[in-house]
Amino acid sequence: MQADEDLPHEALEAYKALSDEEKLEFNRHDLAELMSQFLHGEQGALLVASQLTSCAPTFNAKLYAASQTFDEARHVEVFNRYLQEKIGMHYPINKNLKALLDKILTDPRWDLKFIGMQIIIEGLALAAFQMLKQLSKDPLLTQLLHYVIRDEARHVTFGINYLEDFVKTLTDEEREERAEFAFEACVISRERLINTRAMQKYLKMSEDEAREFTLQTSANNTFRNFLFSRVIPNLSRIGLLTDNVRPKFDELGLLEFEHAPDDFECDWNELEKPLENFDEISA
Ligand SMILES: [Fe+2]
Ligand SMILES: [Fe+2]
């Protein structure tokens, strides 16, 4: 995934010193690390959706969560098979993603699970899948991402529709608590987007060095922030971009997305149309 020009100077030198075979291996590991986080995120989504099947407050929300559980199980299967059969390796879960999933899975409040999963994790995943689909040169990867994106778009849209009404029923204090939770989830998620293991292995860096190099790269920062371009307008739409958290988002450089298009308007024709065949799918 990491193109030559995206690497900072010292890392670029280390990359250039690799043989062609090592460069290929580095890129394979880099992609495996990224896609393994997709897999772990999907496993988390499978568990959260199954919890919501039992703890969501209305019958319709339970039915919906049951259908999402089925979708997430398919996503786990497809990413796992791609990693296993096409890339040939898996990477362990990134500690920040694990921290976020643990928080969502262990909090007993259904709506925090819903906010954390449908708005933050799925919103970010949707943007990341779309970017990888555009960059992909493998037709199989393009195709599978296309189908997963269709599902994720539906999950995010349902979350916004449902939460917009629900948040209105909360007291100011309860709403602030949810807004703070969403902000903290975004902070952890930004950290989660830094993967360093492949760089550590091939470019001989410590974890801190690899992290710092990644943060220095402006393309990478743009990419990290871009992923929030769907999350921030959606938070605003459901009423969780409160006056207390807005300055905090501003400090992270994320408030600029406040008025970007949100995912609230549901295009039913788009969601209901039959699955496209391979020839109809393009990046
Ligand atoms: Fe998914
Ligand atoms: Fe999903």
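Since the model is a prediction, treat every value here as computed from it, not as a measurement.

Draft legend 1. View of the coordination of the iron ion (ligand 1). Coordination sphere of the iron ion (ligand 1), protein contribution only: Glu42 (OE), Glu72 (OE), His75 (ND1) and Glu152 (OE), at 1.9 to 2.3 Å. Geometry at the iron ion (ligand 1) is irregular, judged from the 4 donor atoms that bind it and their angles of 88 to 142° at the metal. Going along the chain, you hit the donors of the iron ion (ligand 1) in the pattern E-x29-E-x2-H-x76-E. Between the iron ion (ligand 1) and the iron ion (ligand 2) the interatomic distance comes to 3.2 Å, and Glu72 is a ligand of both metals. In this pair, Glu42 sits in helix H2 (residues 20-55) while Glu152 sits in helix H6 (residues 139-168), placing the two residues 110 residues apart along the sequence. Under the relative-accessibility criterion, Glu152 is labelled buried at 1%.

Draft legend 2. Broad picture of the coordination of the iron ion (ligand 2). Looking at the iron ion (ligand 2), one finds its protein donor set to be Glu72 (OE), Glu122 (OE), Glu152 (OE) and His155 (ND1), positioned 1.9 to 2.2 Å from the metal centre. For the iron ion (ligand 2), the 4 donor atoms are set out with angles of 81 to 154° between them, so the coordination reads as irregular. Read from N- to C-terminus, the donor residues coordinating the iron ion (ligand 2) fall into the pattern E-x49-E-x29-E-x2-H. What makes His155 buried here is its relative accessible area of 0%.

Draft legend 3. How the structure looks around the confidence of the model for the protein chain. When pLDDT is averaged along the protein chain, the result is 86, and 89% of the positions lie at 70 or above. By mean pLDDT, the top-scoring element of the protein chain is helix H3 (residues 59-87) (96), and the lowest-scoring one is helix H10 (residues 218-226) (68).

The rules behind these values
Here the residue numbers are simple positions, counted from 1 along each chain's written sequence. Chain letters and ligand numbers both follow the written order, the letters beginning at A and the numbers at 1. For a predicted model such as this one, the threshold for reporting local features is a pLDDT of at least 70, and the threshold for listing and counting side-chain atom pairs is 80 or more; totals across whole chains, interfaces and linings nevertheless cover every residue. For side-chain calculations, the full set of non-hydrogen atoms in the structure is used, while hydrogens and water are omitted. Sites may look incomplete because water is not among the atoms; the donors themselves are N, O and S atoms within 2.8 Å of the metal, or within 3.2 Å for Na, K and Ca. Under the classification used here, a metal with four donors is tetrahedral if each angle lies between 85 and 135 degrees, square planar if opposite donors are over 155 degrees apart and the others between 65 and 115, a six-donor metal meeting that same test is octahedral, and anything else is irregular. Strands are runs of DSSP state E lasting at least 2 residues, helices are runs of H or I lasting at least 4, and numbering of each runs from the N terminus. We call a residue buried when its accessible area falls under 20% of the maximum for its residue type, exposed when it is over 50%, and partly exposed in between, using a 1.4 Å probe and counting protein chains only. As a per-residue measure, pLDDT tells how confident the predictor is, with possible values from 0 to 100.

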